[in-house]
Amino acid sequence: MFSIGIITASDKGARGEREDLSGKAIAEVLAELGEVKHYLIIPDEQSALSEAMIQMADDRKLDLILTTGGTGLGPRDVTPEATLAVIDRQVPGIPEVMRAKSLEKTSRAMLSRAVSGLRGRTLIINLPGSPKGVRECLEAVLPALDHGLSIMKGEADECARP
């Protein structure tokens with residue numbers, strides 16, 4: 001089981017004006033992969049998002065951080081920039097697969113700017129802001145997450161199939 005952090009980027013959610021259904025969807029989908037150890041709703045502010053990711057990765061030593069929201073083209077959509085500011089290495093295959101899967105359902109998927117990467121031994125993945133988008137994207141990457149996290153933590157040493 002892996003330790004998980006969830007960060008919802010939402011101005012309205014942070015003010016209590018909107019229920020965070022996307023964060024709840026993440027927790028539901030990943031229940032078999034691990035336990036949610038930390039959960040935050042933060043305004044769409046790059047520095048606050050970056051600080052939360054750093055705290056979850058460096059201080060709490062979480063294995064996986066999932067963000068939801070802030071990946072579009074809006075002026076306050078800064079989650080990818082916040083993530084890029086804190087990661088050491090990108091993991092481009094994850095958002096590539098999420099966009100490809102989402103493109104099967106809507107051409108708007110190409111507008112996603114989601115990124116993914118490693119900060120030390122923590123994997124950070126940006127997800128869309130809708131519960132439907134969260135579920136679709138996690139469904140696409142979930143089959144590889146367990147193995148990828150095991151490799152990252154040094155618990156497995158090969159990606160070759162047995």
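Structure: above.
Calculation criteria
Residues numbered from 1 in each chain as written. Predicted model: local features only at pLDDT ≥ 70, side-chain atom pairs only at ≥ 80, totals over all residues. Heavy atoms only, no water. Helix = DSSP H or I, 4+ residues; strand = E, 2+ residues; numbered from the N terminus. Rg over C-alpha atoms; globule rule 2.2 N^0.38 Å. Buried < 20%, exposed > 50% of the residue type's maximum accessible area, 1.4 Å probe, protein only. Pairing = 2+ DSSP bridges. Axes fitted to C-alpha atoms, helices over the stretch in contact; angles between N-to-C directions. Parallel < 35°, antiparallel > 145°, perpendicular 65-115°, else oblique. Left-handed = near helix turned anticlockwise from the far one by under 90°. Contact = heavy atoms within 4.5 Å. Nonpolar A, V, L, I, M, F, W, Y, C, P; charged D, E, K, R; others polar.

## Some points on the overall build of the protein
(1) Moving on: Counting its regular elements, the protein contains six helices and six strands.
(2) Moving on: A compact globule built from 162 residues would reach a C-alpha radius of gyration of about 15 Å, and the protein, at 15 Å, matches this within 12%.
(3) Moving on: Taken along the three principal axes of its C-alpha coordinates, the protein extends 45 × 40 × 25 Å.
(4) Moving on: With 162 residues in all, the protein has 44% of them scored as buried.

## What about the pairing of strand β5 (residues 116-119)?
Each regular strand shows side chains that alternate between the opposite faces of the sheet.
(1) Moving on: By the alternation rule, side chains of β5 split into S116 and L118 and G117 and R119, which are all buried.
(2) Moving on: As paired elements, strand β4 (residues 89-90) and β5 share two bridges and run antiparallel to each other. Bridging across to β5, R89 finds its partner in L118.
(3) Moving on: Sheet topology note: the β5/strand β6 (residues 122-127) ladder contains four bridges and is antiparallel. Looking at the pairing, G117 lines up with I124 of β6.

## As for the packing of helix α2 (residues 21-29) against helix α6 (residues 131-152)
(1) Moving on: Relative orientation of the contacting elements α2 and α6 amounts to 25°, with a least axis distance of 8 Å. Viewed along their axes, α2 and α6 adopt a mutual orientation that is roughly parallel. Here α2 runs over α6; the crossing is right-handed. Together, L21, S22, A25, I26, E28 and V29 of α2 and P131, V134, R135, L138 and L142 of α6 make up the contact between the two elements.
(2) Moving on: Taken together, the residues of the contact of α2 with α6 sort by class into eight nonpolar, one polar and two charged.

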